Every structure is written in structure tokens, then in C-alpha cells.
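Descriptive structure summary
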Amino acid sequence: MVCINGKQEDAAGMVLLDYLKQNHVPPEGVAVECNEEIIRKNRYSEYIFQDGDTVEIVSFVGGG
């Protein structure tokens, strides 16, 4: 299991980019932290979630 934004998900073994696409999250509009380390966008297609990972996906929102 992987804890993503506080929710336990069965995403161990899944590639980060595939997870984002599956959940309709545009990769260019988010920052991803895994186990307190920022994942660079150029690694999204190769980063694989491991069992026990803690992931935060933060989207950018504009406004005023």
C-alpha cells in the first residue's frame, strides 16, 4: 500500500506518471513529494511507487 495525500492506495509497483494519468491529474500542473523528497518532473515516467511510500501530490492553483 502507498499513502497518497493521506489515503491508503494499492499503488505499489505503479509508475508515477501512469498513476497521474489514471487519476486525470495533469503532470505539468503538480509537484510530487515521495518520502519527503521532491520528484523531478523528468523522472515521473520512471519513478515507481514502493510499498510503504508516503506521497503528496500538490496542484498549482491561480487566483486572486
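Details of the structure are given in the entry above.
Conventions adopted
Residues numbered from 1 in each chain as written. Predicted model: local features only at pLDDT ≥ 70, side-chain atom pairs only at ≥ 80, totals over all residues. Heavy atoms only, no water. Core = buried A, V, L, I, M, F, W, Y, C linked by side-chain atoms within 4.5 Å. Buried < 20%, exposed > 50% of the residue type's maximum accessible area, 1.4 Å probe, protein only. Helix = DSSP H or I, 4+ residues; strand = E, 2+ residues; numbered from the N terminus. Contact = heavy atoms within 4.5 Å. Phe/Tyr/Trp six-rings, centres within 6.5 Å; stacked < 30°, edge-to-face > 60°. Salt bridge = Lys/Arg side-chain N within 4 Å of Asp/Glu carboxyl O.

1. Re the nonpolar core
In terms of nonpolar packing, the biggest core is built from 17 residues, with Ile 4, Leu 16, Val 32, Tyr 44, Phe 49, Val 55 and Ile 57 touching the most fellow members. Elements supplying a minimum of two residues to this core: β1 (2-4), α1 (16-22), β3 (30-34) and β5 (54-59). Top element by residues in this core is α1. It accounts for 4 residues. Non-local contacts of Tyr 44, meaning those with residues more than four positions away in its chain, are made with Val 15, Leu 16, Leu 17, Leu 20, Pro 27, Val 30, Ala 31, Val 32 and Ile 39.

2. Focus on the packing of aromatic side chains
Applying the stated rule across the entire model yields 2 aromatic pairs. Taken together through their ring pairs, the aromatic side chains of Tyr 19, Tyr 47 and Phe 49 make up a single cluster.

3. Remarks on unusual backbone geometry
Even without being a glycine, Asn 35 presents a positive backbone phi close to 50°. By secondary structure assignment, the location of Asn 35 is in the loop between β3 and β4 (37-39). You can call Asn 35 partly exposed: its relative accessible area is 39%. Its identity is not glycine, yet Glu 36 carries a phi of approximately 70°, on the positive side. Position of Glu 36 relative to the elements: it lies in the loop between β3 and β4. Classification of Glu 36 as exposed rests on a relative accessible area of 74%.

4. Regarding the pattern of salt bridges
Across all of its chains, the model carries 1 salt bridge by this definition. In this structure, Glu 46 and Arg 43 form a salt bridge, with 3.5 Å as the shortest nitrogen-oxygen distance. The partly exposed category is assigned to Arg 43, whose relative accessible area is 34%.

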